[in-house]
Amino acid sequence: MNMLTVLGGKGFIGGHFVDLLKKQNSQYIANEKLDYNVKTNDVISYISTVDNYNVFENPYIDIDTNLTGLIKLLESWRNRVEYKQDFGCFNFVSSWFVYGNEYGPRFLGNEIGPNGFGARETDRCDPKGFYGITKRAAEQLLISYCETYGLNYRILRLANVIGPGDKKVSKKKNALTYMINQMKEDKPIELYDGGDFYRDFIHVDDCVTAIDLVLTKGEKNTIYNIGGGVPVKFKDAIEHAWVQMGSRSEIIPIVGKEFHKVVQAQSFFMCTAKLQKLGFVPKYDIYTAI
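Notes on the structure follow. (Residues numbered from 1 in each chain as written. Predicted model: local features only at pLDDT ≥ 70, side-chain atom pairs only at ≥ 80, totals over all residues. Heavy atoms only, no water.)

Some words on the sheet that holds strand β10 (residues 222–226)
Moving on, step 1. A sheet is described by the order of its strands in space; here six strands give the open sequence β2-β1-β3-β4-β5-β10, paired in parallel fashion. The open sheet has two free edges, formed respectively by β2 (28–30) and β10, since each of these has just one partner strand. Adjacent strand axes in the sheet meet at a mean angle of 20°, parallel and antiparallel pairs treated alike.
Moving on, step 2. As judged from the six bridges shared by strand β4 (residues 89–95) and strand β5 (residues 153–158), these two strands associate in the parallel manner. Of the residues in β5, the one forming a bridge with Val93 is Leu156.
Moving on, step 3. Strands in contact with helix α3 (residues 130–149) are β4 and β5; relative to β4, the strand with the most contacts, it is inclined by about 160°.
Moving on, step 4. Across the sheet, helix α5 (residues 204–217) lies against β1 (4–7), β3 (42–45), β4, β5 and β10, angled at about 160° from β5, the strand it touches most. (Pairing = 2+ DSSP bridges. Helix = DSSP H or I, 4+ residues; strand = E, 2+ residues; numbered from the N terminus. Axes fitted to C-alpha atoms, helices over the stretch in contact; angles between N-to-C directions. Contact = heavy atoms within 4.5 Å.)

Structure, rendered in structure tokens:
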């Protein structure tokens, strides 16, 4: 891999990615927060909001961060690579939320998703919440920008990433880790719809290994799903954690909020066949990760 500018390298996933680069003795530059100056021809951006709830407190922040901030980065990057005549690649970290709730009602019997294999990179995207909409708009903006100027991009759509070091864990973001933390302290947890829905989880170490693999071996001007590629019933994950910890937490089933039904899929997982073709093999399944 060439010298790389890492944007958002102090966040949960970006921080683990920087740690991986250090272990590999890879060359990189990690920008400070709000530094939009791209200093190398190859870039990866982790800069993003993290949930759909900003609409209640600051409806502009998803647009400012995920779209306006991206344009600043692209302009800085283009000015550099056109001057250097070495176009490199802009790697954009996106989210499974861009697929929207198209996949929720289709989880019937043994059929998982519209194609039976989880969401594929070429499947229709129809996000609902501000976070998912602006992430999808950012993907399209990036593609159009690069096609307009003859530049290269990759888009990496991440599943739910779990593991140590996520400082933004809350009821709004990374619910599984939040509930595990509550169970450590024997606090009661509320489980929407009894946890009878599916999600796609990947351990953060596997996630950054997969990202590194895509940046090293992946095709340019395309999209990669990065996830476990296996539907995990949320209830099963919670019960496994509860048993492993010997927790005394009360698990209370509650009815899911209407807002959740509006902004995200009831059940979801991604097809990772494209990633697997690069040779990716995860070290952790969901239960080992927990």
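After presenting the structure, the write-up continues.
Some details on the packing of helix α4 (residues 175–184) against helix α6 (residues 234–245)
Moving on, step 1. Packing of α4 against α6 brings their axes to within 10 Å, and their N-to-C directions diverge by 25°. In terms of orientation, α4 and α6 fall into the roughly parallel class. With respect to the hand of their crossing, α4 and α6 are arranged in right-handed fashion. In contact with Ala175, Leu176, Met179, Ile180, Met183 and Lys184 of α4, α6 contributes Phe234, Ala237, Ile238, Ala241, Trp242 and Met245.
Moving on, step 2. The class makeup of the residues in the contact of α4 with α6 is eleven nonpolar, no polar and one charged. (Parallel < 35°, antiparallel > 145°, perpendicular 65-115°, else oblique. Left-handed = near helix turned anticlockwise from the far one by under 90°. Nonpolar A, V, L, I, M, F, W, Y, C, P; charged D, E, K, R; others polar.)

Some thoughts on the nonpolar core
Moving on, step 1. Core analysis: the largest hydrophobic core is formed by 39 residues, its most contacted members being Ile13, Phe17, Ile44, Ile211 and Ile226.
Moving on, step 2. Where this core is concerned, the elements lending two or more residues are β1, α1 (12–24), β5, α5 and β10.
Moving on, step 3. A total of eight residues in this core trace back to one element, the largest contributor, which is α5.
Moving on, step 4. Non-local contacts of Phe17, meaning those with residues more than four positions away in its chain, are made with Leu4, Val6, Ile44, Tyr46, Val208, Ile211, Asp212 and Leu215. (Core = buried A, V, L, I, M, F, W, Y, C linked by side-chain atoms within 4.5 Å. Buried < 20%, exposed > 50% of the residue type's maximum accessible area, 1.4 Å probe, protein only.)

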